[in-house]
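What follows is the residue order along each chain.
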Amino acid sequence: MSFETLELTREGAIATLTLNRPKALNSLNARMIQELGECLGSIREDSSIRCLLVTGAGKAFVAGADIKEMDERDPATGKQMAEDGQRVFQILEELPFATIAVVNGFALGGGLELALACDFILASKTAKMGTPEVTLGLICGYGGTQRLTRAVGPKLARMITLTGDIYTAEQMEKWGVVAMTFDSSNLLEEAKKIANNISQRSPKAIKLTKQAISRGVEQTLAEGLKLEAELFRQAFVSEDKREGIRAFIEKRAPHFTGR
Ligand code: DAK
């Protein structure tokens, strides 16, 4: 599959999706959103993928929505634009395998929103992140007010979005937006090590764990525990569980199939 604004590569069970408009700091234009939708839609049923890395070409991860394109768009299309983007980010969030945002540089506005739709964020120590929408008279339109709030709580989410300031990766790590930071020269390599680790785990258990967390976070604790019990039941009757336990007892590496 080839794209104008993206690159999708594979190394065994790990796929890497690179946002690829470096001259415009990989800002999200309509074409990129459309291609992201096509690309994610096409890989979501690919059971040979165990982990997806999402990163940016050049010095940015994604410097936000394409501001120049927004200037040319009919304001009446704003809601449609938000819904199109939200749908694509939702596909990313609901992929059945693990997804890691590998934030190599600026992750601003829609770029941070894209990273937040991944399972977790790894960043270069020199990366810069924030939601500058309010500096443009906008608000987050790709789920930022919702996912950032769920990630850090409403107080911190208010500070980040209301200031519109750009923060360091170190600060974002302290706040829990970023899981880990690495020197920029090692970032991709470290991310691949983590992806490789995840790739050895049971795909069935990964898929069910993702569902337990993302659906459970919307529920009360009592409802979430019920959900966990049901998903635990599904794991308990799986071939992967049988294989994982046999492999432990037989002192060998498991060969998971995701069934
Ligand atoms: N859009 C378009 N072009 C961009 C861009 C962007 N977001 N960010 C950078 N560029 C372009 C620059 O214009 C420049 O292009 P040329 O002048 O060379 O043609 C090129 O990329 C290199 O950028 P700089 O020369 O500015 O590079 P610097 O290192 O000096 O500065 C910077 C890097 C990231 C600090 C700076 O470029 C910057 O402030 N960029 C804008 C950041 C920003 O405000 N991003 C937008 C956030 S708002 C919505 C859904 C979502 C959203 C909105 C609506 N709906 C569905 C309605 C999301 C909104 C946002 O993301």
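Residues numbered from 1 in each chain as written. Predicted model: local features only at pLDDT ≥ 70, side-chain atom pairs only at ≥ 80, totals over all residues. Heavy atoms only, no water.

Some details on the pairing of strand β7 (residues 120-124)
Extensive coverage of β7 is indicated by the burial of 4 of its 5 residues. As paired strands, strand β5 (residues 98-103) and β7 are joined by 4 bridges and run parallel to one another. If you follow Ala101 over to β7, its bridge partner there is Ile121. As paired strands, β7 and strand β10 (residues 180-182) are joined by 3 bridges and run parallel to one another. The partner of Leu122 across the bridge, within β10, is Met180. (Buried < 20%, exposed > 50% of the residue type's maximum accessible area, 1.4 Å probe, protein only. Helix = DSSP H or I, 4+ residues; strand = E, 2+ residues; numbered from the N terminus. Pairing = 2+ DSSP bridges.)

Examining the packing of helix α1 (residues 30-43) against helix α3 (residues 78-93)
The geometry of α1 relative to α3 is characterised by a closest axis approach of 9 Å and an angle of 30° between their N-to-C directions. Relative to α3, the element α1 is oriented roughly parallel. The hand of the α1/α3 crossing is left-handed. Between α1 and α3, the contacting residues are Ile33, Leu36, Gly37, Leu40 and Gly41 on the first element and Asp84, Gly85, Val88, Phe89, Ile91 and Leu92 on the second. Residues belonging to the contact of α1 with α3 are distributed by class as follows: 7 nonpolar, 3 polar and 1 charged. (Axes fitted to C-alpha atoms, helices over the stretch in contact; angles between N-to-C directions. Parallel < 35°, antiparallel > 145°, perpendicular 65-115°, else oblique. Left-handed = near helix turned anticlockwise from the far one by under 90°. Contact = heavy atoms within 4.5 Å. Nonpolar A, V, L, I, M, F, W, Y, C, P; charged D, E, K, R; others polar.)

What about the sheet that holds strand β2 (residues 14-19)?
Across the sheet, 6 strands lie side by side as β1-β2-β3-β5-β7-β10; this open sheet has mixed pairing. Either end of the sheet is taken by a strand with one partner, and the two such strands are β1 (6-11) and β10. The mean inter-strand angle of the sheet, taken between neighbouring strand axes irrespective of direction, is 20°. Sitting on the sheet, α1 is in contact with β1, β2 and β3 (51-56), with an inclination near 25° to β1. Against the sheet, helix α8 (residues 187-199) makes contact with β1, β2, β3, β5, β7 and β10, and its axis sits at roughly 170° relative to β5, the strand it touches most.

A short note on helix α6 (residues 154-163)
By the burial criterion, the buried members of α6 are Ala157, Ile160 and Thr161. Viewed along the axis of α6, the buried residues span an arc of 90°, placing them on a single side of the element. Across α6 from its buried face, at more than 90 degrees, point the exposed residues Lys155 and Leu162. Contacts made by the buried residues of α6 are with α5 (144-152), β9 (166-168) and α7 (169-175). Once α6 finishes, Gly164 follows within two positions and takes phi at roughly 70°, a positive value. (Arc of directions from axis to C-beta.)

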